[in-house]
Amino acid sequence: MKVLVTGGTGYIGSHTSVVLLEQNYEVVIVDNLCNSKEMVVDRIQAITGKRPVFYRCDLRDEARLEEIFRAERPDAVIHFAGLKAVGESPKVPLKYYDNNLSSTLTLLRVMEAFGVRNLVFSSSATVYGDRATPPLREDAPLVFSATNPYGFTKIMIEQILTDYCKANPSFNAVLLRYFNPVGAHESGTMGEDPSGIPNNLAPYITQTLVGKREKLHIFGNDYPTPDGTCIRDYIHVMDLAKGHMAAIGLFERGGCGLKVYNLGTGHGFSVLEVVNAFSRAAGKPVPYVIDGRREGDLPESYADCEKAYREMGWKAEKTLDDMCRDALRWQEKNPNGYAE
Ligand code: NAD
Ligand code: UDP
């Protein structure tokens, strides 16, 4: 089976491409490199011994995307490409709506033109917004639940795919709602490479541990949680990558229509628990200060992952210590990420 991976040089797409190649799928990556480097293709090849086909292309460029589909004739698409900075999105909403929605609409039109009927979409736990109570289940109502334009693009794309599946009963769409992906490939040659100051907890901690940042700023310790810091469901990026393989398996078993699955571990850890796990991995304490709350943060978010196990046979296997060890190994071996 040939899988076209949009956003395949990005953080999650690159790890998923490795897993796909290792399972003997053919991989075609389409990425405009707005948040990743072409060097990632070399790293994927170094790990797997196979080079994915790579096209530098903006998904909104319909004519070029058609050329790629004509040349490659993929059987399925995994759609990772998108802008993802939650905090940036309220400042530049049009940029987020245009990039994330237009790319998806263009992709769907081209898939339809070439008769490609299998799509996995990167959704997010952010679609649950601040209305639902953890453990978050896939059947929680989503209408107007997001708290920022980024989250609304995910809800809107889920709705677009739902409507598209209704109108096209032979189309298969698997919406995967990721919780908090962290960690890196265990080789330490591929990982998360945020540009500028990291917004997310794990890369901020690893950059602090290698001396690129002075100390972690913990955003609030007065939440109604056992230690006062927020709780999230962290999932190892390699477990997440395998979740995509499980979704592709649904297509191979004859199709599935529209499906929605959480990809998390089902367990929440507080910011302080994550800090302690990284301290164990590093063999030294993570320097930190307690700051005020970050606007929009929820006290607690973790998944109910029972459905993904029941229907796809997938569950996360790696521990928080695995995530911290692998994230730190990547940061230590590549203190400046993929920069030359
Ligand atoms: P990433 O930024 O590392 O990867 C996304 C890739 O898409 C980048 O390589 C970027 O260059 C590419 N891209 C963006 N717009 C494009 C366009 N118009 N045309 C072609 N390529 C384009 O992000 P990631 O962390 O790997 O996330 C992948 C997907 O998963 C995103 O859709 C994101 O919203 C979603 N997601 C991520 C997280 C997370 O915490 N990392 C959580 C939930 C959901
Ligand atoms: N966090 C923090 N300091 C940071 C980055 C994050 O204290 O520099 C906290 C944040 O408030 C949240 C948790 O770590 O409670 C996870 O944040 P992240 O941005 O990684 O994920 P999200 O909030 O999107 O789930």
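Residues numbered from 1 in each chain as written. Chains lettered and ligands numbered in written order. Predicted model: local features only at pLDDT ≥ 70, side-chain atom pairs only at ≥ 80, totals over all residues. Heavy atoms only, no water.

Observations regarding the overall build of the chain
Inclusion rule: Labels follow the DSSP assignment, with helices taken as runs of H or I lasting at least four residues and strands as runs of E lasting at least two, numbered in each case from the N terminus. Radius of gyration means the value over C-alpha atoms here, while the globule rule gives 2.2 Å times the residue count to the 0.38 power. Each residue gets one of three labels from its accessible area relative to the maximum for its type: buried under 20%, exposed over 50%, partly exposed in between, using a 1.4 Å probe on protein chains only.
Along the backbone of the chain there are ten helices and 13 strands. A compact globule built from 340 residues would reach a C-alpha radius of gyration of about 20 Å, and the chain, at 19 Å, matches this within 12%. Judged by the C-alpha coordinates and their principal axes, the chain covers about 55 × 45 × 40 Å. Across the 340 residues in the chain, those meeting the buried criterion constitute 55%.

Here we look at the site of ligand 2
For clarity, the cut-off: Residues are labelled near a given molecule or strand when at least one of their non-hydrogen atoms is within 4 Å of it. Two N or O atoms count as a polar contact when they lie within 3.5 Å, although within protein this holds only if one can serve as hydrogen donor and the other as acceptor, and sequence-adjacent residues are included solely when both atoms are side-chain atoms. Gly is put with the polar residues, along with every residue not named as nonpolar or charged; the nonpolar set is Ala, Val, Leu, Ile, Met, Phe, Trp, Tyr, Cys and Pro, and the charged set is Asp, Glu, Lys and Arg.
Ligand 2 sits among 15 residues. The nearest are Asn-180, His-217, Arg-232, Arg-294 and Asp-297. Measuring from a nitrogen atom of ligand 2, one finds a backbone N or O atom of His-217 at 2.8 Å. Within the side chain of Arg-294, one N or O atom sits 2.8 Å away from an oxygen atom of ligand 2. When grouped by side-chain class, the residues that make up the shell around ligand 2 number eight nonpolar, four polar and three charged.

Topic: the packing of helix α1 (residues 11–22) against helix α2 (residues 39–48)
Which entries qualify depends on this criterion: Angles run from 0 to 180 degrees between N-to-C directions of axes, and those axes are lines fitted to C-alpha atoms, restricted for helices to the stretch in contact. Two helices cross in a left-handed way if the nearer one is turned anticlockwise from the farther one by less than a right angle. They cross in a right-handed way if the turn is clockwise. Contact definition: two residues touch when any of their heavy atoms are within 4.5 Å.
It is at 10 Å that the axes of α1 and α2 come closest, and there the two elements cross at 35°. As for how α1 packs across α2, the hand of that crossing is right-handed. Side by side, α1 and α2 meet where Ser-14, Ser-17, Val-18, Leu-21 and Glu-22 of the first sit next to Val-40, Ile-44, Ile-47 and Thr-48 of the second. Partitioning the contact of α1 with α2 into residue classes produces five nonpolar, three polar and one charged.

Some points on the site of ligand 1
Quick note on the threshold: To measure how exposed things are, a 1.4 Å probe is used in the Shrake-Rupley method; for residues, cover is taken only from the protein chains shown.
In the region of ligand 1, 27 residues are neighbours, and Asp-31, Asn-35, Ser-36, Lys-84 and Tyr-150 sit closest. At 2.8 Å, a side-chain N or O of Lys-84 approaches an oxygen atom of ligand 1. Here an oxygen atom of ligand 1 and a side-chain polar atom of Tyr-150 are 2.7 Å apart. The fraction of the free accessible surface of ligand 1 (820 Å²) that becomes covered by protein chains is 96%. Those elements that place two or more of their residues in the shell around ligand 1 are α1, α4 (93–113), β5 (118–124) and α5 (149–167). No other element matches β5, which puts three residues into the shell around ligand 1.

Looking at the confidence of the model for the chain
To be explicit about the condition: How sure the predictor is of each residue is captured by pLDDT, a score from 0 to 100.
When the pLDDT values of the chain are averaged, the result is 97; 100% of them are 70 or greater. Averaged pLDDT values for the elements of the chain fall to 97 in α5 and rise to 99 in strand β1 (residues 2–6).

Side note on the sheet that holds strand β4 (residues 76–79)
Put simply, the rule reads: Here the rule is simple: two strands pair whenever DSSP picks up at least two bridges between them.
Sheet architecture is open: seven strands sit in the order β3-β2-β1-β4-β5-β6-β11, paired in parallel fashion. If you trace the sheet from one side to the other, it starts and ends with β3 (53–56) and β11 (258–263), each paired once. Within the sheet, the average angular offset between the axes of one strand and its neighbour, ignoring direction, is 20°. As paired elements, β5 and strand β6 (residues 172–178) share seven bridges and run parallel to each other. Opposite Val-120, over in β6, you have Val-174 as the bridge partner. In the packing of helix α7 (residues 237–252) onto the sheet, the strands contacted are β1, β4, β5, β6 and β11, and the crossing angle to β6 comes to about 160°.

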